[in-house]
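Each chain is listed here by its residues.
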Amino acid sequence: MTSRAEHSGKAPVGQPVLRCQGLQKVFQTHRRDPGMRGLLRSFVARETIEVPALRGIDLSIEAGEFVGLIGANGAGKTTLVKVLTGIVPATQGRSELFGEPSFELSDAAKSRLSIVMGQRSQLWWDLAPLDSFLLLREIYRVEKSDFDLRLEQLARRLAVTEQLRIPLRHLSLGQRMRMEILGAFLHRPQLVFLDEPTIGLDLVSREEIRTILSEINREQGATIVLSSHDMEDIENTCRRLLILSEGRLLYDGDLVKLRERLFEKRAIELHLEPHAAEPDPAVLAELCGADVQLLRSSAGALSFAVPAARVQPFLAQVFARLAVRDLAIERTPLDVLVRELFQREGEG
Amino acid sequence: MAVHPQVALLLQATLYELKKVTAWRMGFFVREIARALLRPLLTIFMFQAVFAAQGATELGGRDLDGTVRYLIAVAWIEGLIFHDRMLDLAEQIFQGYVTKYLVMPMRCFTLALARYVQFSITQTGVAALLGIGGALLLPGVWPLPVAPEALLAALVLALAGSYCFLLLYFLLNSIAFWLEVVWTLLVMTRFVTMFLAGVMLPLSWMPEPLARALEYGFPYWSIAGPAEILLGERPVSDVWTGLAVIGVSITVLEPLRRVVWKRGLARYGGSGM
Ligand SMILES: Nc1ncnc2c1ncn2[C@@H]1O[C@H](COP(=O)(O)OP(=O)(O)O)[C@@H](O)[C@H]1O
Ligand SMILES: [Mg+2]
C-alpha cells in the first residue's frame, strides 16, 4: 500500500520525473466521403487511414521545472500529453513517468500525477465541485486535515470559495477551469499536465491562472507542463519552452534565449478597403524589405512579420501606399516563430 | 479505522450516486415509483386479455389469478435487477470522459460497482414500499411470500443475479472501444435476457426442453426462479442451485470483463479531447 499522500509535492530536484525516447503515435481512422455514395462505399470497403500525430519525440523533464508546450492546433500537444500520462499507448518508442512505463503506471505513480484538460472536465458534471473534491480525496487518499487545509487555501487563492457548493454545470467557464485546477492540485501532485487550460477564457482569467500556476510551481516545487497554442500563455510563466510542429519537437530549450533571438517581431494584419483595387505586387515587394516578410495574402487581407523596432516606419509606409480599413498587431505570433525556426534549421 | 481504501472509495462513490438519484426528487418518484407500478398494472391487463381471448381457465399450469400473481412477482423482482441504462460507460468512452479515470489511482470498475450498490439500496427500498403498498391495496391479487425465508431467498438471488447483469453490461459497454453499435447491443441483450429470465413469458408456457435449458442460466435465477420461490412453487432450498448457477456465471463474466476492458484500453485513442 502506498503512503496516504504524505509526500509534500516535492520530488528530489534535478532528477527526471519524465523521460521519453523516440516516441511515436499513429492514430488509425477511417475516411468517409460525404453523402449516400460515401456511406455505401464505406460499408463495402472502409478506407483506413493512418494519422501520424507524434513522429519521434525525445524529452526529459526534471523535478520542479515549469515547461511550456506550444504548437498550432493539430500539432500533437494533446496526443503527447495523452501518451506521456498513459491514457493511450505509444505506437513506438519509450515513455516513462517517475521511472515507470507510462502505459503501466502503478497506483503509487498515478497518485503523484495530475492532469487538467481544457476540453474535457475532470470533475463530475452533476455534482457540486465540493462533492467531486471529496470523491477525489477518497481516490487519492488524502488525510482529512490536510485536505481541508489545502482546499481552503486553494479555493481562496483561486477565488472560488463561494462556488464550491454550486453544481458544476451552473458555473461559468472561468470558474469551472479554476475548479479543475483546484481539483488537480488537491492531492499535492508532483507532476501536473495542463492541456490548454486557458482555452476560451477572457484575458484577465488567463492571466490569473498563469500567475497561480507559477506560484504553485515556485512554492511547492510541483513540476508543471503547460500546453497552449497561444505564445502569451507561455511567455511569462515558463522557463523552458517546447515547440511542437506536426508531431516533431522543433525547439526544446530556454525561453529567454529564444526570445532574445526571435521574439522581437510583430505580426501585422491588414484589412483593406473592400472595393479597393488588388494591391500592386510591386508595392508589396517594396513593403517587404530585407527584414519584413509577407506571411499571408488573401482577398482583402495581408499579414506581415515586422521587427518590433521597424513597426512605426512600416506602418507609415503602409498607410501611404494601401487603402487600409483595419489593422491588428500581434506580439510574438506562433506561426512567425515556427517559420523562423524552420528557416534556421534549413540554413544550419 | 482499518477500512480498505477501495472499500472506502466504494462507500464514498455510492454516497454520491445516492445523492445524484435523489437530486431531483420529482424525477426520482416518477422514475422509480411510477415505473414500478406501471409494469405490473399493464401486465395484468394484458394477461386478462389473453385469457379472455383464449377462453381458457388455465395456461401453463396456472389459472388467471395465479398467472397474474406470478407476473406481478416477476415485475416486482425485475425492479431489483441492474439496468443497462444505469451505466453510461459506452458514452463516456466515445466522448472521452473516461480518460479522467485512467490517470487516477483507482479502477474504473469501482465506480460502476458504486452504481450497483446505490441501485440495489434504492431499489430494495422501492420494492419494500411497493410490496407493503401492494399487499394493503390489492389483497388477494398481490403475491404474498409464502414464508419469510422465501422472501429472503428471493431477495438474495435477485441481488446476486443483478450483479451478473452489472458484469454483463459493463462488458458490453467496453465494446465501445471497438464499435459504435453498443446501444443496439444493449437493447438486444436486455430483450434476450428478459426473455431468458421468464419476464416476457412465464417459463411454463414455453416448450419443456427450452424451459429446462433456461434453468441453467443466471437470468432465470435472477427473476423467474426467485419469483417461483417467493410464491412457493419451488422449495426455498432451491436457492442453493440458483446461487451455484449465478456463482459460475460470475466466475466466467468477471475475467471476461477484465480482459475486454484491458484490450479496449490498449486501442483507446482518447478521442474528444
Ligand atoms: N483519437 C484520434 N484519432 C485519430 N486522429 C487523432 C486522434 N486524436 C488526435 N488525432 C490527430 O492527431 C493530430 C494531433 O492532434 P492533437 O494531439 O489533438 O493536436 P493538438 O492538441 O496540438 O491540437 C491531429 O491531426 C489529429 O487530427
Ligand atoms: Mg489539443
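Since the structure is predicted, the reported quantities are computational estimates derived from the model, not experimental observations.

(A) Spotlight on empty space enclosed by the protein. Under the criterion given, the structure shown has five cavities of 30 Å³ or more. The space that makes up the largest cavity amounts to roughly 100 Å³. Considering the residues around the largest cavity, the lining is formed by Ser114, Ile115, Gln122, Leu123, Leu136, Tyr140, Glu180, Gly183, Ala184 and His187 of chain A together with Val103 and Met104 of chain B. If you list the elements that add at least two residues to the lining of the largest cavity, you get strand S6 (113-117), helix H4 (129-140) and helix H6 (173-185) of chain A.

(B) Geometry of the packing of aromatic side chains. The final tally for this structure, using the stated rule, is 15 aromatic pairs over all chains. Judged by centre distance (5.1 Å) and plane angle (65 degrees), the rings of Phe304 of chain A and Phe314 of chain A are edge-to-face. Note that Phe304 of chain A is positioned in strand S13 (residues 301-307) and Phe314 of chain A in helix H11 (residues 311-321), a separation of 10 residues in sequence. Of the two residues, Phe304 of chain A and Phe314 of chain A, both sit in the buried class. Centroid distance Phe177 of chain B to Tyr268 of chain B: 5.5 Å. Interplanar angle 80 degrees. Geometry classified as edge-to-face. With Phe177 of chain B in the loop between helix H7 (148-174) and helix H8 (182-196) and Tyr268 of chain B in the segment after helix H12 (239-266), the pair connects residues that are 91 residues apart, well separated along the chain. Relative accessible area serves as the criterion here: at 7%, Phe177 of chain B is assigned to the buried category. A relative accessible area of 4% places Tyr268 of chain B in the buried class. Seen from the ring of Phe147 of chain A, Arg137 of chain A lies directly overhead, with NZ or CZ sitting 5.6 Å from the centre.

(C) Representation of the pattern of salt bridges within the structure. Residue and element names in this part refer to chain A. All told, the structure shown has 26 salt bridges over all chains when counted by the stated rule. Taking the shortest distance from any N to any O, the salt bridge between Arg206 and Asp233 comes out at 3.4 Å. Here the residue Arg206 occupies a position in helix H7 (residues 203-220), and Asp233 occupies one in helix H8 (residues 231-235), the gap between them amounting to 27 residues. The shortest N-O distance in the salt bridge between Arg321 and Glu286 comes to 2.3 Å. Remark: Glu286 occurs in helix H10 (residues 281-287) and Arg321 occurs in helix H11; sequence separation between them is 35 residues. By relative accessible area, Arg321 is classed as partly exposed at 39%.

(D) A look at the state of the cysteines. Residues and elements named next belong to chain A. A complete count under the given rule lists zero disulfides over all chains for this structure. Cys20 forms no disulfide, and the closest cysteine sulfur to it belongs to Cys238, at a distance of 17 Å. Given a relative accessible area of 3%, Cys20 falls into the buried group. Given a relative accessible area of 6%, Cys238 falls into the buried group.

(E) View of the nonpolar core. Within the largest apolar cluster, 161 residues are counted, with the highest numbers of intra-cluster contacts made by Phe133 and Leu182 of chain A together with Trp261 of chain B. Ranked by residues supplied to this core, first place goes to H7 of chain B with 15 residues. Among all residues touching Trp261 of chain B, those that are not within four sequence positions of it are Leu89, Ile93, Val98, Leu102, Cys108, Phe170, Ser174 and Phe177 of chain B. Grouped together as the second largest cluster of nonpolar side chains are 16 residues, Leu270, Val283, Leu302 and Leu322 of chain A included.

(F) Up close: the interface of chain B and chain A. Each side of the interface is counted separately: chain B has 29 residues, and chain A has 32 residues. Taken together, the two surfaces of chain B and chain A that pack against each other cover about 2,800 Å², and 65% of this comes from carbon and sulfur. At the surface where chain B touches chain A, the tally comes to one salt bridge. Two residues, Lys19 of chain B and Asp131 of chain A, come together in a salt bridge whose shortest N-O distance is 2.8 Å. On the surface where chain B and chain A come into contact, there are six residue pairs in polar contact (both at pLDDT 80 or more).

(G) Representation of the side chain of Glu78 of chain B within the structure. Summarising the element assignment, Glu78 of chain B is placed in helix H3 (residues 64-78). In contact with Glu78 of chain B, other than residues within four places in its own chain, are Arg39, Arg190, Met194, Val199 and Ile223 of chain B.

(H) Just the sheet that holds strand S2 (residues 47-62) of chain A, in detail. Residues and elements named next belong to chain A. The antiparallel open sheet is built from four strands, whose spatial order is S2-S1-S4-S5. Bordering the open sheet on either side are S2 and strand S5 (100-101), each of which pairs with just one other strand. Where strand S1 (residues 16-31) meets strand S4 (residues 92-97), five bridges bridge the pair, whose relative direction is antiparallel. Within the sheet, the bridge partner assigned to Arg19 lies in S4 and is Glu96. On the sheet, helix H2 (residues 77-84) packs against S1, S2 and S4 and is oriented at approximately 120 degrees with respect to S1.

Conventions adopted
- Every chain is numbered independently, its residues counted from 1 as its sequence is written.
- All chains are assigned letters beginning with A, and all ligands numbers beginning with 1, in the order in which they are written.
- This being a predicted model, a pLDDT of at least 70 is required before a residue's local features are given, and a value of 80 or more before pairs of side-chain atoms are given or counted; all residues contribute to the totals for chains, interfaces and linings.
- Derived side-chain values reflect all non-hydrogen atoms in the structure, with water molecules and hydrogen atoms excluded from consideration.
- The definitions used throughout rest on a 1 Å grid laid over the protein atoms alone, on which a cavity is an enclosed set of points accommodating a 1.4 Å probe that cannot get out and a pocket is an open set flanked by protein within 12 Å on both sides along at least five of seven lines; lining residues are those having an atom within 4 Å of a point.
- Grid points are joined across faces, edges and corners, and a volume is the space filled by probe spheres set on the points.
- Every helix listed is a DSSP run of H or I at least four residues long, and every strand listed is a run of E at least two residues long, numbered separately from the N terminus.
- Between rings of Phe, Tyr and Trp, where Trp is taken as its six-membered ring, a pair exists when centres lie within 6.5 Å; planes separated by under 30 degrees are stacked, by over 60 edge-to-face, and by other angles tilted.
- Whether a residue is buried, partly exposed or exposed follows from its accessible area with a 1.4 Å probe, protein chains only, as a fraction of its type maximum: under 20%, in between, or over 50%, in that order.
- Geometrically, a charge over a ring is one whose NZ (Lys) or CZ (Arg) sits within 6 Å of the ring centre while staying within 35 degrees of the ring normal.
- Take a side-chain nitrogen of Lys or Arg and a carboxyl oxygen of Asp or Glu: if they are within 4 Å of each other, that pair is a salt bridge.
- Disulfides are defined as cysteine sulfur pairs within 2.5 Å.
- What makes a nonpolar core is a set of buried Ala, Val, Leu, Ile, Met, Phe, Trp, Tyr and Cys residues whose side-chain atoms join them at distances within 4.5 Å.
- It only takes one pair of heavy atoms within 4.5 Å for two residues to be counted as in contact.
- Two parts placed together each lose some accessible area under a 1.4 Å probe, and the buried area is that loss summed for both.
- Under the rule applied, a polar contact is a pair of N or O atoms within 3.5 Å (in protein, one hydrogen donor and one hydrogen acceptor; residues adjacent in sequence only if both atoms are side-chain atoms).
- Strands are labelled as partners when DSSP assigns at least two bridges between them.
- Under this scheme, a helix contributes an axis fitted over its contacting stretch, all axes are lines through C-alpha atoms, and angles between N-to-C directions fall in the 0 to 180 degree range.

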